[in-house]
Amino acid sequence: MTAPTNLTLADQIISRCRLLATFTETPGETTRTFLSPPMREVHAIVGEWMHSAGMTTRIDAIGNIRGLYPGPAPDSPRLLLISHLDTVPNAGAFDGPLGVILSLALIEHLHAHHTKLPYAIELVGFSEEEGVRFSKPFLSSLAVTGDITPEDLARTDDNGISVTQAIANFGLDPAQLPQARFSPHTFACLECHIEQGPILEYESVPIGIVTAIAGQTRTDITFTGQSNHAGTTPIYLRHDALAAAAEWITAVEAYSASHTDSLVATVGRIHVEPNATNVVPARVTASLDIRHAEDELRKRAVHDLIHKAHHAAERRKVAVTSHLQLEQPAVPMDEPLSNLLRDAADRVGAPNRSLHSGAGHDAMILAPHIPTTMLFLRSPNGLSHHPDESVLPEDVAAAYATALEVLSLLTP
Ligand SMILES: [Zn+2]
């Protein structure tokens, strides 16, 4: 297959993303949550583009738009191309929609050139990835894998509307959810997405081959000392919970920095009691977020950092307890499929590097069921979840050429 020799196509992909960004719940910004009115408008326009590209379309019961580009037979093996169409509040134009529009451009190319592949392609524009409306992400990919639970469906939004009710309000039938599951003929899944981080830009590489989605531990660490008068209590007789926490927080940063293998540990929130200027702090609860692509290394880091909390507290006779909030294992991408993506990038001359994703993606929901991988595009200024989020046309061209090449290399 031929790679684009100019950037016209990339510009078109970018302007389509910018067009979709105008469909919003909040005028003047881009905010498009799960099953919101502007999602219907996005379905209409994306559906039209899908039709023109020779696809049949449907909206499944969780509100995903799905276009099917037929293979040689009705039960042909099927490739899934996925990304999401919902956004965070005040979002940029590319987190999610770029993957849908770039994938659509591949199918438009196949359709325009009457290219026959030995498999069908199903393009899924997910309705819910960001977790904004129901405080839980991936609801729509969980429906596609059949992993959505009755508890998920009973969750309520800020107006007390349940997921089931939201589905019905959108004009869909919750009883049809089983039909949202992916076809048993599906043999592979590819998600294109912006990196949403600074690594590719730092290394001047346009595209990344994702090897894994990092596992994550979130735990709260509570330091309990004793409050006392700030004027009368000498330092050596204090049990200052905040001083212990502060020493530990800098130790967390130093520990993370000393691990060059991309371990990241973050203390993002602290709660101080009584939080008064003239009182020795009695109690501090600090959040700890640790991510790594290898579960063993992440678990060791959690252990080490809790140990460091005890160390910082001991000297001050402050007590430490930890309360686990979230433990999410790493999700490896399919190695043969990632290798194929790398071969494709090399064949079209697109500089690339392997990396893992520190953020979660729909691909991690699909990966346990179907061989799945992800292609990242460089994020200028490492910026995402921000209205100034962008992509470079030459990177879109490189990702498009790579993905088109992988379509010709794939064998079901
Ligand atoms: Zn996203």
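Quick caveat, the model's predicted, so the values are computed rather than measured. (Residues numbered from 1 in each chain as written. Predicted model: local features only at pLDDT ≥ 70, side-chain atom pairs only at ≥ 80, totals over all residues. Heavy atoms only, no water.)

Caption draft 1: Inspection of the nonpolar core at higher detail. Formed by 92 residues in total, the largest nonpolar core has its most connected members in L20, V46, L79, L98, I121, V396 and L407. In terms of nonpolar packing, the next biggest core, distinct from the first, is built from 24 residues, F223, A265, I290 and I306 among them. (Core = buried A, V, L, I, M, F, W, Y, C linked by side-chain atoms within 4.5 Å. Buried < 20%, exposed > 50% of the residue type's maximum accessible area, 1.4 Å probe, protein only.)

Caption draft 2: Focus on the pattern of salt bridges. Per the stated rule, a full pass over the model turns up 17 salt bridges. A salt bridge links R78 to E122; its shortest N-O distance comes to 3.0 Å. One end of the pair, R78, is in strand β3 (residues 78–84); the other, E122, is in strand β4 (residues 120–126), and 44 residues separate them in sequence. Judged on exposure class, the residue R78 and its partner E122 are both buried. (Salt bridge = Lys/Arg side-chain N within 4 Å of Asp/Glu carboxyl O. Helix = DSSP H or I, 4+ residues; strand = E, 2+ residues; numbered from the N terminus.)

Caption draft 3: Inspection of the coordination of the zinc ion at higher detail. Within the first shell, the zinc ion binds the protein through H84 (NE2), D95 (OD) and H193 (NE2), at distances of 2.0 to 2.2 Å. Every donor residue of the zinc ion comes from the same chain, spaced as H-x10-D-x97-H. You can see H84 sitting in strand β3 and its partner D95 sitting in the loop between β3 and α3 (97–112), a full 11 residues away along the chain. (Donors = N, O, S within 2.8 Å, 3.2 Å for Na, K, Ca; no water.)

Caption draft 4: Local environment of the side chain of D220. Within the secondary structure layout, D220 lies in strand β7 (residues 215–224). One polar contact links D220 to R269, side chain to side chain, over a distance of 3.1 Å. Residues in contact with D220, not counting those within four places in the same chain, are R269, T285, A286, S287, T321, S322, H323 and Q325. (Polar contact = N/O pair within 3.5 Å; in protein donor to acceptor, adjacent residues only side chain to side chain. Contact = heavy atoms within 4.5 Å.)

Caption draft 5: Summary view of the packing of helix α1 (residues 8–20) against α3. It is at 9 Å that the axes of α1 and α3 come closest, and there the two elements cross at 135 degrees. Considering their axes alone, α1 and α3 lie oblique with respect to each other. The hand of the α1/α3 crossing is right-handed. Residues I13, R16, C17 and L20 of α1 touch α3, and the partners they reach there are P97, L98, I101, L102, L104, A105 and E108. (Axes fitted to C-alpha atoms, helices over the stretch in contact; angles between N-to-C directions. Parallel < 35°, antiparallel > 145°, perpendicular 65-115°, else oblique. Left-handed = near helix turned anticlockwise from the far one by under 90°.)

Caption draft 6: Just the packing of aromatic side chains, in detail. Using the criterion set out here, one finds 3 aromatic pairs in the structure. Here Y119 and F187 contribute two aromatic rings whose centre-to-centre distance is 5.3 Å and whose plane-to-plane angle is 65 degrees, an arrangement assigned as edge-to-face. Placement of Y119 in the loop between α3 and β4 and of F187 in strand β5 (residues 186–194) is noted, with a sequence separation of 68 residues between them. Since its relative accessible area comes to 1%, Y119 is described here as buried. Its relative accessible area of 16% is what places F187 among the buried residues. Judged by centre distance (5.6 Å) and plane angle (55 degrees), the ring pair of F223 and W248 falls under tilted. Note that F223 is positioned in strand β7 and W248 in helix α8 (residues 241–258), a separation of 25 residues in sequence. A relative accessible area of 0% places F223 in the buried class. (Phe/Tyr/Trp six-rings, centres within 6.5 Å; stacked < 30°, edge-to-face > 60°.)

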